[in-house]
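Structural overview
What follows is each chain in one-letter form.
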Amino acid sequence: MNMNLTLKIWRQKNAQDKGKMVDYKVTDISEHMSFLEMLDVLNEQLVSNNEEPVAFDHDCREGICGMCSLFINGEAHGPDRLITTCQLHMRKFKDGDTIYIEPWRAKAFPVIKDLIVDRMAFERIQQAGGFISVNTSGNTTDANAILIPKKDADLSMDAASCIGCGACVATCKNSSAMLFVAAKVSQFALLPQGKVEAADRVMNMVRQMDLEGFGNCTNTAACEVECPKGISLENIARMNREYLCASIAG
Ligand code: SF4
Ligand code: FES
């Protein structure tokens, strides 16, 4: 069934603008459309009326890149679980609904325009240690020659599925980035290749996380509920253990 909807959308011209919620009507929206396609319809409507289209982030539109980032009716990535905004379908809404659409709200993610926020803080945390240094001299051991327990490989893969969307930060009442950083620390800490630089990695990434102004984790677990990739809180516990061991070792 097709729907007529009222949209209340955060509009903000630039980082300095105060910003405000603005009402829009969209009509004849198919339940088979994705949420972003519905916003495309709105933007076509705005452009044909010589109005400024709503700026929002997106790229792959298939749950891989982590670019889409909308707070929909008070929930990061909307009302569904284990999906990104681009995977949300309009069948989750009803004809006549009013939908509130806002950007991620966190001090470390300042709004650039409308629904787009600056997530470079995540990049800087990654640059502080979210990698392994590989010797490419030609004398390195083939990675496949190092046996890894299946359980560790699976946990590492699960952690590596974090797409860096920032929903965990947007959901957390403290704007904590612990789930994101813990996933990035864990994916390496679980593998022999990552253990070489593990102590420096966790110390540097946590230091950068704090410098960026993210809040602390108080174990509410809202981040785990809203994470589109189901990243487990166990990663935060692992990161805390890694951090403690690295601190004691000096
Ligand atoms: S932990 Fe989940 S919510 Fe946070 S950035 Fe990664 S995928 Fe997104
Ligand atoms: S647009 Fe890439 S995850 Fe949504």
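Residues numbered from 1 in each chain as written. Chains lettered and ligands numbered in written order. Predicted model: local features only at pLDDT ≥ 70, side-chain atom pairs only at ≥ 80, totals over all residues.

Below, the discussion takes up the packing of helix H3 (residues 150–160) against helix H5 (residues 178–189). Following both chains from N to C, one finds H3 and H5 inclined at 150 degrees, their axes separated by 8 Å at the closest point. When the interaxial angle is binned, H3 and H5 end up roughly antiparallel. Helix-helix and strand crossings are classified by hand; for H3 and H5 the assignment is left-handed. Across from Ser 156, Ala 159 and Ala 160 in H3, the residues of H5 making contact are Ala 183, Ser 186 and Gln 187. Considered class by class, the residues forming the contact of H3 with H5 number three nonpolar, three polar and no charged. (Axes fitted to C-alpha atoms, helices over the stretch in contact; angles between N-to-C directions. Helix = DSSP H or I, 4+ residues; strand = E, 2+ residues; numbered from the N terminus. Parallel < 35°, antiparallel > 145°, perpendicular 65-115°, else oblique. Left-handed = near helix turned anticlockwise from the far one by under 90°. Contact = placed C-beta atoms within 7 Å. Nonpolar A, V, L, I, M, F, W, Y, C, P; charged D, E, K, R; others polar.)

In this section: the site of ligand 1. Looking at ligand 1, there are 14 residues lining it, with Cys 162, Cys 165, Ala 167, Cys 168 and Cys 227 nearest. Top contributing element to the shell around ligand 1 by residue count: H5, with three residues. (Near = placed C-beta within 6 Å.)

Quite often, the size of an interface is put as the accessible area lost when its parts meet. Domain annotation for the protein chain reports domain 1 (3–112) and domain 2 (119–249). One C-alpha centre belongs to domain 1, the other to domain 2; they are set 29 Å apart. Of the residues lining the interface, 18 residues belong to domain 1; the matching set on domain 2 comes to 17 residues. Partitioned by chemical class, the residues of the side of domain 1 that touches domain 2 number 10 nonpolar, five polar and three charged. (Domains from an automatic or database assignment.)

Right, let's get into the packing of H5 against helix H9 (residues 234–249). Taken N-terminus to C-terminus, the directions of H5 and H9 make an angle of 70 degrees; their axes are 8 Å apart at the nearest point. Comparing the axis directions of H5 and H9 gives the class roughly perpendicular. For H5 against H9, the interelement crossing comes out left-handed. Facing H5, whose interface residues are Met 178, Leu 179, Val 181, Ala 182, Ala 183, Val 185, Ser 186 and Ala 189, H9 presents Asn 235, Ile 236, Arg 238, Met 239 and Glu 242. In terms of residue class, the contact of H5 with H9 is built from nine nonpolar, two polar and two charged.

A word on the sheet that holds strand S4 (residues 75–76). In any sheet, the strands associate via hydrogen bonds between backbone groups, in a parallel or an antiparallel arrangement. In spatial order, the strands read S2-S1-S5-S3-S4; together these five strands make up an open sheet with mixed pairing. Two strands bound the open sheet, and with one partner strand each, they are strand S2 (20–29) and S4. (Pairing = 2+ DSSP bridges.)

We now examine unusual backbone geometry. Trans peptide bonds make up the majority, and among non-glycine residues the majority have a negative phi. Residues other than glycine seldom take positive phi values, yet Asn 50 does so here, at roughly 60 degrees. For Asn 50, the location among the structural elements is in the loop between helix H1 (35–48) and strand S3 (71–72). By C-beta crowding, Asn 50 is classed as exposed, having 6 other C-beta atoms within 10 Å. Phi is positive for Ala 221, close to 75 degrees, though the residue is something other than glycine. Mapped onto the fold, Ala 221 is located in the loop between helix H7 (198–211) and helix H8 (222–226). (Buried ≥ 20, exposed ≤ 12 C-beta atoms within 10 Å, placed from the backbone.)

Residues Cys 168, Val 169, Leu 179 and Val 181 are the most contacted members of the largest nonpolar core, which totals 60 residues. Residue assignment for this core shows that the elements contributing at least two residues are strand S1 (3–11), H1, helix H2 (120–127), H3, helix H4 (167–171), H5, H7 and H9. Per-element tally for this core: the top contributor is H5, with nine residues. Contacts of Val 169, omitting those with residues within four sequence positions, involve Trp 104, Ala 106, Phe 109, Ser 175, Ser 176, Ala 177 and Phe 214. (Core = buried A, V, L, I, M, F, W, Y, C linked by C-beta atoms within 7 Å.)

Moving on, we come to H9. Helix length check: H9, at 16 residues, gives a terminal C-alpha distance of 23 Å against a target of 22 Å (1.5 Å per residue), a fit within 8%. Within the sequence span of H9, burial applies to Asn 235, Ile 236, Arg 238, Met 239 and Glu 242. Looking straight down H9, one finds its buried side chains confined to an arc of 155 degrees; they lie on one side. Exposed residues lying more than 90 degrees from the buried face of H9 are Arg 241, Leu 244, Cys 245, Ser 247 and Ile 248. Where the residues of H9 are buried, they touch H3, H5 and H7. (Expected span 1.5 Å × (residues − 1). Arc of directions from axis to C-beta.)

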